[in-house]
Amino acid sequence: GQSDSALDALRKAIDSDPKQLFARKIYAFVLTGLRRVDAAMDAWRETLKIAPEDPEANSGLGTSLMQQKRYSESVPYLEIAAKNDKSPAAQYRLGAAYLQAGQIEKGTATLEKVVEANPGAEMWNDVGYELADANVSLPKALEYAQHAVDAQEMESHHVDLSNLLSEDLACTNKIGFYWDTLGWVYFRLGHLDQAESYLHAAWLLSQSPVVADHLGQVYERQKKTGKAIHMYRLALATPEAHTPGGSWDETRHRLEHLSGANAPTALDLLRGD
């Protein structure tokens, strides 16, 4: 837990052999884990000066830019990463970046190829979510999300409560995330009752701020203003909404629009204000 000492040791390792990539990559990964976003991006850029085609460095910088919603800037780096790394994860990141950058045809084509080559609950869910989040190819997003939920619920039927394994607990977490995806697709399609059903269940299971925000948007569309305000406040009360580099401005704006007041700070919420 001595992060400053760890970073100092890594900088010394870099200084001792500036051409060595390993220490530079670990340094950037540690900064990313500590949510020091700007410093991490600088570290990735320094790595790319030495190895411009390195897939990990390009992926690291591209992913950081995605997290900052600088989607168009992220695409060139993720293209290089995907060119040199044929893994499903690299191709998926590129497809997601294309969608968020507005390159819809490239994004959907890339993601559909990933699903075809790597079918399964996790990939169905992830691609379904990206399509829904970009509000494109919604019938296909619904198909993927339903496949993911069906597969994960079926897996949960085999859980033995008297002999729980770690993967059984992971299964429960995944169901919450997959319900969120399916509910989010239904919201995009305008099927609000079905969206509320899945998102409410996902919230009870996961307590995720993203799910709270999604459910708040359903309530807002249903004109259930009090419930929407409550869910937005819950979303903003979570630690994830107050970490450096987090982007919850849209949730705050929705809350302020409905409540007619400034969104509460983390301290306000802890005090119960």
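Just above, that's the structure.
None of these values were measured; they are calculated from a predicted model.

The next thing to look at is the environment of Asp-160. Examined against the element boundaries, Asp-160 turns out to sit in the loop between α9 (138–156) and α10 (166–189). Spatially, the C-alpha atom of Asp-160 lies 50 Å from that of Glu-46, the residues being 114 residues apart in sequence.

Our focus in this paragraph is the packing of helix α4 (residues 55–67) against helix α5 (residues 71–84). Between α4 and α5, whose axes approach to 8 Å, the crossing angle comes to 155°. By the angle between their directions, the pair α4 and α5 is classed as roughly antiparallel. Crossing angle aside, the handedness with which α4 passes α5 is left-handed. Here Pro-55, Asn-58, Ser-59, Leu-61, Gly-62, Thr-63, Leu-65 and Met-66 of α4 lie close against α5, whose contacting residues are Tyr-71, Glu-73, Ser-74, Tyr-77, Leu-78, Ile-80, Ala-81 and Asn-84. Looking at the contact of α4 with α5 residue by residue, the classes come out as nine nonpolar, six polar and one charged.

This brings us to the pattern of salt bridges. Tallied over the entire structure, the rule returns 13 salt bridges. Asp-54 is the partner of Lys-25 in a salt bridge, and the nearest nitrogen-oxygen pair spans 2.9 Å. Placement of Lys-25 in helix α2 (residues 21–33) and of Asp-54 in the loop between α3 (37–50) and α4 is noted, with a sequence separation of 29 residues between them. Overall, the relative accessible area of 13% leaves Lys-25 in the buried class.

Now for α2. Taking 1.5 Å of rise per residue, the 13 residues of α2 would be expected to cover 18 Å, and the 18 Å separating its terminal C-alpha atoms lies within 8% of that figure. By the burial criterion, the buried members of α2 are Ala-23, Arg-24, Lys-25, Tyr-27, Ala-28 and Leu-31. Of the surrounding elements, those touching the buried residues of α2 are α1 (3–16), α3 and α4. Two or three places before Phe-22, at the start of α2, stands the capping residue Gln-20, its side-chain oxygen 3.0 Å from that residue's backbone nitrogen. Looking one or two residues beyond α2, the residue adopting positive phi is Arg-35, at roughly 65°.

Another point: unusual backbone geometry. Its identity is not glycine, yet Lys-69 carries a phi of approximately 65°, on the positive side. Mapping Lys-69 onto the fold places it in the loop between α4 and α5. Using a relative accessible area of 38% as the deciding quantity, one classes Lys-69 as partly exposed. Backbone geometry places Lys-223, a non-glycine residue, at a positive phi of 65°. With respect to the helices and strands, the residue Lys-223 is situated in the loop between α12 (209–221) and α13 (225–237).

Counting residues in hydrophobic clusters, the biggest one holds 47 residues, and the most contacted among them are Val-127 and Leu-131. If you list the elements that add at least two residues to this core, you get α6 (88–100), α7 (104–117), α8 (121–133), α9, α10, α11 (192–206), α12 and α13. Excluding anything up to four places from it in sequence, Leu-131 contacts Leu-99, Thr-108, Val-136, Ser-137, Leu-138, Lys-140, Ala-141 and Tyr-144. In this structure, Ala-23, Ala-28, Leu-31 and Ala-57 belong to the second largest nonpolar core, which totals 16 residues.

Turning next to the packing of aromatic side chains. On inspection of all chains with the given rule, the structure shows three aromatic pairs. A ring pair is formed by Trp-184 and Phe-187, whose centres lie 5.1 Å apart and whose planes are at 10°; its orientation type is stacked. With Trp-184 and Phe-187 both in helix α10 and three residues apart, this pair spans about one turn of that helix. For the ring pair Tyr-186 and Tyr-198, a centre distance of 6.0 Å and an interplane angle of 25° mean the geometry is stacked. Of this pair, Tyr-186 sits in helix α10 while Tyr-198 is found in helix α11, placing the two residues 12 residues apart along the sequence.

As a volume, the second largest pocket reaches approximately 170 Å³. As for the second largest pocket, its lining consists of Phe-29, Thr-32, Trp-44, Pro-55, Glu-56, Ser-59, Gly-60, Thr-63, Ser-64, Gln-67, Asp-85 and Arg-93. Taken together, the elements giving at least two residues each to the lining of the second largest pocket come down to α2 and α4. At seven residues, α4 tops the list of elements feeding residues into the lining of the second largest pocket. Among the residues making up the lining of the second largest pocket, the classes are represented as three nonpolar, six polar and three charged.

Once that is clear, we can look at the environment of Tyr-129. Topologically, Tyr-129 is positioned in helix α8. A C-alpha to C-alpha distance of 16 Å links Tyr-129 and Gly-102, two positions 27 residues apart in sequence. Apart from the residues within four sequence positions on either side, Tyr-129 is in contact with Asp-180, Thr-181, Trp-184, Val-210 and His-214. At 3.4 Å, the side chain of Tyr-129 and the side chain of His-214 are in polar contact.

The rules behind each value
- Residues numbered from 1 in each chain as written.
- Predicted model: local features only at pLDDT ≥ 70, side-chain atom pairs only at ≥ 80, totals over all residues.
- Heavy atoms only, no water.
- Helix = DSSP H or I, 4+ residues; strand = E, 2+ residues; numbered from the N terminus.
- Axes fitted to C-alpha atoms, helices over the stretch in contact; angles between N-to-C directions.
- Parallel < 35°, antiparallel > 145°, perpendicular 65-115°, else oblique.
- Left-handed = near helix turned anticlockwise from the far one by under 90°.
- Contact = heavy atoms within 4.5 Å.
- Nonpolar A, V, L, I, M, F, W, Y, C, P; charged D, E, K, R; others polar.
- Salt bridge = Lys/Arg side-chain N within 4 Å of Asp/Glu carboxyl O.
- Buried < 20%, exposed > 50% of the residue type's maximum accessible area, 1.4 Å probe, protein only.
- Expected span 1.5 Å × (residues − 1).
- Polar contact = N/O pair within 3.5 Å; in protein donor to acceptor, adjacent residues only side chain to side chain.
- Core = buried A, V, L, I, M, F, W, Y, C linked by side-chain atoms within 4.5 Å.
- Phe/Tyr/Trp six-rings, centres within 6.5 Å; stacked < 30°, edge-to-face > 60°.
- 1 Å grid on protein atoms, 1.4 Å probe; cavity = no way out; pocket = protein on both sides within 12 Å on 5 of 7 lines; lining within 4 Å.
- Points joined across faces, edges and corners; volume = space filled by probe spheres on them.

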